[in-house]
Amino acid sequence: MTALGVSLLRGAVTSPFKRAGGPGATLPTGRAVLPAAPTAPAPLAAYRTLCGFTDPETLPLTYPHVLGFPLAMRLMTERSFPLPVLGLVHTWIEITAHRPPRPEDRLELRVHAAELTPHRRGTEVTMVTEARCAGETVWESRSGYLSRHAASGAAGGTAARSRGATAPPDAPAAGAGLPAVAEWRLPGDLGRRYGAVSGDRNPIHLHPLTARLFGFPRHLAHGMWTVARCLAEAETGAGPGTGTGAGPGTGTGTMPGTGTGAGAGTDTGAKDRARIRSVRAEFKAPVLLPATVTYAAAGDAFLLRGGDRVHLTGTVVRER
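Quick notes on the rules
Residues numbered from 1 in each chain as written. Predicted model: local features only at pLDDT ≥ 70, side-chain atom pairs only at ≥ 80, totals over all residues. Heavy atoms only, no water. Helix = DSSP H or I, 4+ residues; strand = E, 2+ residues; numbered from the N terminus. Buried < 20%, exposed > 50% of the residue type's maximum accessible area, 1.4 Å probe, protein only. Contact = heavy atoms within 4.5 Å. Areas by Shrake-Rupley, 256 points an atom, 1.4 Å probe, with all protein chains shown as cover. Salt bridge = Lys/Arg side-chain N within 4 Å of Asp/Glu carboxyl O. Core = buried A, V, L, I, M, F, W, Y, C linked by side-chain atoms within 4.5 Å. Axes fitted to C-alpha atoms, helices over the stretch in contact; angles between N-to-C directions. Parallel < 35°, antiparallel > 145°, perpendicular 65-115°, else oblique. Left-handed = near helix turned anticlockwise from the far one by under 90°. Nonpolar A, V, L, I, M, F, W, Y, C, P; charged D, E, K, R; others polar. Phe/Tyr/Trp six-rings, centres within 6.5 Å; stacked < 30°, edge-to-face > 60°. Lys NZ or Arg CZ within 6 Å of the ring centre and 35° of its normal. Pairing = 2+ DSSP bridges. Expected span 1.5 Å × (residues − 1).

**Some points on the overall build of the protein chain**
Then step 1. The secondary structure content of the protein chain amounts to 7 helices and 10 strands.
Then step 2. A total of 320 residues make up the protein chain; the buried ones form 49% of that total.
Then step 3. Residue pairs at least 24 apart in sequence account for 75% of intrachain contacts in the protein chain once pairs closer than 6 positions are excluded.
Then step 4. Surface summary for the protein chain: the accessible area is close to 14000 Å², and the carbon and sulfur share equals 56%.

**Structural notes on the environment of Phe53**
Then step 1. Along the chain, Phe53 falls in the loop between helix H2 (41-51) and helix H3 (63-76).
Then step 2. For the pair Phe53 and Ala228, spaced 175 residues apart in sequence, the C-alpha separation works out to 8.3 Å.

**Description of the pattern of salt bridges**
Then step 1. Under the defined criterion, the tally for this structure stands at 13 salt bridges.
Then step 2. Between Arg110 and Glu108 there is a salt bridge, and its shortest N-O distance comes to 2.8 Å.
Then step 3. With relative accessibility at 27%, the residue Arg110 sits in the partly exposed group.
Then step 4. Notably, a salt bridge pairs Glu282 with Lys284, separated by 3.2 Å at the nearest N-O pair.
Then step 5. Judged by relative accessible area, Glu282 falls into the buried class, the value being 18%.
Then step 6. Residue classification places Lys284 among the partly exposed positions, given a relative accessible area of 30%.
Then step 7. What you see here is one network of salt bridges that share partners, running through Glu94, Arg280, Glu282 and Lys284.

**Concerning the nonpolar core**
Then step 1. Residues Tyr47, Met76, Met127, Tyr194 and Tyr295 are the most contacted members of the largest nonpolar core, which totals 65 residues.
Then step 2. Non-local contacts of Met127, meaning those with residues more than four positions away in its chain, are made with Ala72, Leu75, Met76, Phe81, Val111, His112, Ala113, Ser141, Arg142, Ser143 and Tyr145.

**So, the packing of H2 against helix H5 (residues 190-198)**
Then step 1. Where H2 contacts H5, the axes come no closer than 9 Å and their chain directions differ by 150°. Relative to H5, H2 is oriented roughly antiparallel. Classified by chirality, the crossing of H5 by H2 is left-handed. Contacts between H2 and H5 involve Ala46, Tyr47, Leu50 and Cys51 from the first element and Leu190, Arg193, Tyr194 and Val197 from the second.
Then step 2. Taken together, the residues of the contact of H2 with H5 break down into 7 nonpolar, no polar and 1 charged.

**What about the environment of Glu235?**
Then step 1. Structurally, Glu235 can be placed in helix H7 (residues 223-236).
Then step 2. Residue Glu235 is classed as buried on the basis of its relative accessible area of 18%.
Then step 3. As for Glu235 and Arg318, which are separated by 83 residues in sequence, their C-alpha atoms are 10.0 Å apart.

**Things to note about the packing of aromatic side chains**
Then step 1. The tally for this structure, following the rule as stated, stands at 4 aromatic pairs.
Then step 2. Ring geometry for Tyr47 versus Phe53: centroids 6.2 Å apart, planes at 10°, classification stacked. For the pair shown, Tyr47 and Phe53 are each scored as buried.
Then step 3. Ring plane angle 15° and centroid distance 5.6 Å describe the contact between Trp184 and Tyr295, whose orientation is recorded as stacked. In this pair, Trp184 is assigned in strand S6 (residues 180-186) and Tyr295 in strand S8 (residues 291-298), connecting sequence segments 111 residues apart. The exposure classification of Trp184 matches that of Tyr295, with both residues buried.
Then step 4. In this arrangement the basic side chain of Arg229 is found over the ring face of Trp184, its NZ or CZ atom lying 4.4 Å from the centre.

**Quick word on the pairing of S8**
Then step 1. Of all 8 residues that make up S8, 6 are buried, and the element is covered over most of its length.
Then step 2. In the sheet, S6 pairs with S8 via 6 bridges, with the strands oriented antiparallel. Bridging from a neighbouring strand, Leu186 pairs with Ala291 of S8.
Then step 3. Two elements, S8 and strand S9 (residues 301-306), share 5 bridges in a ladder whose sense is antiparallel. The residue bridging Ala298 from the neighbouring strand is Ala301, located in S9.
Then step 4. Hairpin connection, S8 to S9: the antiparallel pair is bridged by 2 residues, and Gly299 has positive phi, about 60°.

**Observations regarding the pairing of strand S7 (residues 276-283)**
Then step 1. Among the 8 residues that make up S7, 7 are buried, leaving the element largely enclosed by the rest of the structure.
Then step 2. Across 5 bridges, strand S2 (residues 89-97) lies against S7 in antiparallel orientation. From the neighbouring strand, Trp92 faces S7, where its bridge partner is Glu282.

**Observations concerning H7**
Then step 1. When the terminal C-alpha atoms of H7 are compared, their 20 Å separation across 14 residues agrees well with the 20 Å that a helix rising 1.5 Å per residue should span.
Then step 2. The buried fraction of H7 is high, at 13 of 14 residues.

As far as function goes, none of this settles anything; it's purely spatial.
Structural data, given as structure tokens:
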């Protein structure tokens, strides 16, 4: 069993004994560390193919997060971690590459729990992942994970101003009027395929039966796949109104790794765009598989929607 699998099992055992929102809750102060090592080429290639990244010289912006996720899970399933890991909802992520990590870099990964904040729907924890090369922090991410529980009025008021708070379900999503760029048909096995390349085999992503055990009508696409796919499109895809096959998974209805369309490795214009240095994304609603979704973008903003439902919104900052 992988380290991430062990953490998932430990989380299933310990979660029933934890109660979120208790008074005086504190976060563990330790850090989980993965010693410096080069990136394994085969898993990286599989990840690029499935998500649609085409630049062979740098790591995809989201990939160090994937490498560090087992460390985050290790911390979040420790007995000293105050929130039950079962039911945690990934609400937002910020990623910054201080310099583009390269496949040959020997990256040391460090993860710690940074803060515990009230949220209008419960309690949110911020997890920080850092990638270091030769003692220098070259990449970092911050992620918000929400543990839902009844919140007091005071906590709800504080949460509305907190960094990770999301808009109410009936509020218009930021960027909802962005023009469509591409439409993707996501197959039912996408969760299993992404689980194979990322190691994240959470049951809610694998099969309708396992997802129903957690209250979902069908299994869900991984939120981090949706972010990665949108970033890959932002790097290599066509502009609005030209989604007819200019990049992997664009308006022809294909997606990376299906054996049709352009496929990863076909650079259709990335060299004409400034490299993406950072991204901020907020997860609005899960994507039930199979699904047809639309990627929309203009300027530095993007979103992913299915019909009138917005699944993901985000903004990018490019190198100047």
